[in-house]
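# Architecture and fold: a report
Listed below are the residues making up each chain.
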Amino acid sequence: MLRSGPYPALPADAVVLLTGATRGLGLVLARALRRDTAFRLVLTARASSLPRFATEGFSDDDRTLLLPLDATRPGEGRAAVAAAEARWGRVDALVNNAGLALRAVVEHLDDARFDEVMAVNFRAPAELIQAALPGMRARRLGRILTISSVGGMMAMPTMAAYSASKFAIEGLCESLWYEIRPWGVAVSLVEPGFINSDSFTRTRRTPASQASETDPAEPYHVHYAAMGALIAHLMRRTWATPEGVAATVLRTLRARSPHLRVRATPDALLFDYLRRWLPRRLYHHVLFHALPEVRRWGPASREPRD
Ligand SMILES: NC(=O)c1ccc[n+]([C@@H]2O[C@H](COP(=O)([O-])OP(=O)(O)OC[C@H]3O[C@@H](n4cnc5c(N)ncnc54)[C@H](OP(=O)(O)O)[C@@H]3O)[C@@H](O)[C@H]2O)c1
């Protein structure tokens, strides 16, 4: 039977698996889930980050299961779902939060860093989804929620791998939305823009992008300097908080008819609006001219005709 009405609500004691829960948005979300719900929580982190749970007041107890999960290691996602099912018999909701940003222009991407970003932002969430789905389908109930990004709806210069990984997970989840709707399993992509946080300090670089960033003689130096400063400025100044995004995630988990795409910050709404209403050529033209110091990008930069 094709389900067209609202999705079944999560039970009060639903089992929720959250990745990347020891810092940033994941930690704020873990606190909110513990404080504002009676859900049982499966919180995962890289083995090297697990000790941070104790520092943040989380321990293995009757409501909480703490598990290692390194997103770059295939199989650890499946093992985490199996461990959660062994403890509580099910996973009702999966929240893919762990994420990694990489600053490198396309010319400076290397396989190792590209693979790492794709593993954390795309392959590992996909593995977790595959592992959690059979149980959700059997119970005809479940929520699959992935923290995507404005970078999953529009690409920014110097962030090609990040955008590619977020576009990839958006495509996978959009397919999935159609596939599993008949079983009452809801799929959502929560898309924040800039969140007030220090996560820009953890942005990875490739050796080539690092070298260009520090050497003013390098052709892409201004790209990096201008975009790095802009992103740091916006993350420090934005009013959008991790607490606000966590509240949006909770609302989405509880909604009976959650949207596939949830714009989670005011700038996400603005970019979504621009993208939908500006003719595509004009949209790219406007954004190009809005880039910081773009007149200094490349030698005597001139805009090509498209
Ligand atoms: N901050 C923003 O402005 C912003 C905007 C849009 C979207 N987002 C998205 O929001 C999500 C959370 O980002 P955030 O701002 O909270 O970033 P963050 O503070 O840097 O936290 C990232 C989380 O991902 C985990 N992680 C990184 N590599 C991992 C790996 N190999 N295996 C397992 N976990 C790994 C980190 O664990 P460790 O602590 O062990 O490194 C950490 O818990 C991400 O998906 C990000 O793309 C953030």
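The preceding data block contains the structure.
Remember, it's a predicted structure, so these values are computed and weren't measured experimentally.

### A look at the side chain of Asp70
- Looking at where Asp70 falls in the secondary structure, it is placed in the loop between β3 (64-68) and α3 (76-88).
- No salt bridge is formed by the buried Asp70; its nearest oppositely charged neighbour, Arg73, is found at 4.2 Å.
- Among residues more than four places away in sequence, those in contact with Asp70 are Arg46 and Glu76.

### Points about the environment of Ile144
- Position of Ile144 among the secondary structure elements: in strand β6 (residues 142-147).
- Residues Ile144 and Leu65 lie 79 residues apart in sequence; the distance between their C-alpha atoms is 19 Å.
- If near-sequence neighbours (up to four positions away) are discounted, Ile144 is found in contact with Leu94, Ile129, Leu133, Met136, Leu176, Ile180, Val185, Ala186, Val187 and Ser188.

### Topic: the pairing of strand β4 (residues 93-96)
- Going residue by residue along β4, you find Ala93 and Val95 tucked away on one face and Leu94 and Asn96 tucked away on the opposite face as well.
- Sheet topology places strand β1 (residues 15-18) next to β4; 3 bridges connect them, and they run parallel. What sits directly across from Leu17, in β4, is Leu94.
- Two elements, β4 and β6, share 4 bridges in a ladder whose sense is parallel. Bridge assignment links Ala93 to a residue of β6, and that residue is Arg143.

### A word on the site of the ligand
- If you check the shell around the ligand, you find 29 residues, and the closest are Leu25, Arg46, Ser49, Tyr162 and Arg202.
- At a separation of 3.0 Å, an oxygen atom of the ligand approaches a polar side-chain atom of Lys166.
- Interatomic distance of 3.1 Å between a side-chain N/O atom of Ser199 and a nitrogen atom of the ligand.
- Among the secondary structure elements, those contributing two or more residues to the shell around the ligand are α1 (24-36) and α5 (160-180).
- Looking at the shell around the ligand, its residues break down into 11 nonpolar, 12 polar and 6 charged.

### Here we look at the side chain of Glu191
- With respect to the helices and strands, Glu191 occurs in strand β7 (residues 185-191).
- The exposure class of Glu191 is buried, given its relative accessible area of 0%.
- The contacts of Glu191, once residues within four sequence positions are left out, are Ser148, Ser149, Val150, Met153, Glu170, Arg261, Val262, Arg263, Ala264, Thr265 and Ala268.

### A short note on the nonpolar core
- Within the largest apolar cluster, 33 residues are counted, with the highest numbers of intra-cluster contacts made by Leu33 and Leu43.
- Taken together, the elements giving at least two residues each to this core come down to β1, α1, β2 (40-45), β4, β6 and α8 (242-254).
- If one sorts the elements of this core by residue count, α1 sits on top with 7 residues.
- Membership of the second largest hydrophobic core comes to 28 residues, among which are Trp88, Val91, Ile129 and Leu176.

### Some remarks on the packing of α3 against helix α4 (residues 111-139)
- Across the interface, α3 lies against α4 with an axial gap of 8 Å and an inter-helix angle of 35°. Crossing of α3 against α4: the hand is right-handed. Counting all contacts with α3, which are made through Glu76, Gly77, Arg78 and Val81, the residues of α4 involved are Glu127, Leu128, Gln130, Ala131 and Ala132.
- Per-class residue counts for the contact of α3 with α4 are 4 nonpolar, 2 polar and 3 charged.

### Some words on unusual backbone geometry
- Of note in the backbone geometry, Arg140 takes a positive phi value of approximately 55° without being a glycine.
- Mapped onto the secondary structure, Arg140 falls in the loop between α4 and β6.
- One non-glycine residue, Glu293, adopts positive backbone phi at about 55°.
- As for its position among the elements, Glu293 is in the segment after α10 (280-290).
- Judged by relative accessible area, which is 44%, Glu293 ranks as partly exposed.

### Digging into the packing of aromatic side chains
- This model, assessed by the stated rule, comprises 3 aromatic pairs.
- Here the aromatic rings of Phe53 and Phe58 are separated by 6.2 Å at their centres, their planes lie at 75°, and the arrangement is edge-to-face.
- Of the residues examined, Phe58 reaches a relative accessible area of 3% and is grouped as buried.
- Geometrically, the ring pair formed by Trp177 and Tyr178 is edge-to-face, given 5.3 Å between the ring centres and 90° between the ring planes.
- Residue classification places Tyr178 among the exposed positions, given a relative accessible area of 56%.
- The side chain of Arg87 reaches across the aromatic face of Trp88, ending 5.4 Å from its centre.
- Here Arg280 stacks its cationic end above the ring of Tyr283, 5.8 Å away from the centre of that ring.

Calculation notes
- Residues numbered from 1 in each chain as written.
- Predicted model: local features only at pLDDT ≥ 70, side-chain atom pairs only at ≥ 80, totals over all residues.
- Heavy atoms only, no water.
- Helix = DSSP H or I, 4+ residues; strand = E, 2+ residues; numbered from the N terminus.
- Buried < 20%, exposed > 50% of the residue type's maximum accessible area, 1.4 Å probe, protein only.
- Lys, Arg positive; Asp, Glu negative; His and termini not counted.
- Salt bridge = Lys/Arg side-chain N within 4 Å of Asp/Glu carboxyl O.
- Contact = heavy atoms within 4.5 Å.
- Pairing = 2+ DSSP bridges.
- Near = heavy atom within 4 Å.
- Polar contact = N/O pair within 3.5 Å; in protein donor to acceptor, adjacent residues only side chain to side chain.
- Nonpolar A, V, L, I, M, F, W, Y, C, P; charged D, E, K, R; others polar.
- Core = buried A, V, L, I, M, F, W, Y, C linked by side-chain atoms within 4.5 Å.
- Axes fitted to C-alpha atoms, helices over the stretch in contact; angles between N-to-C directions.
- Left-handed = near helix turned anticlockwise from the far one by under 90°.
- Phe/Tyr/Trp six-rings, centres within 6.5 Å; stacked < 30°, edge-to-face > 60°.
- Lys NZ or Arg CZ within 6 Å of the ring centre and 35° of its normal.

In short, geometric facts, not functional conclusions.
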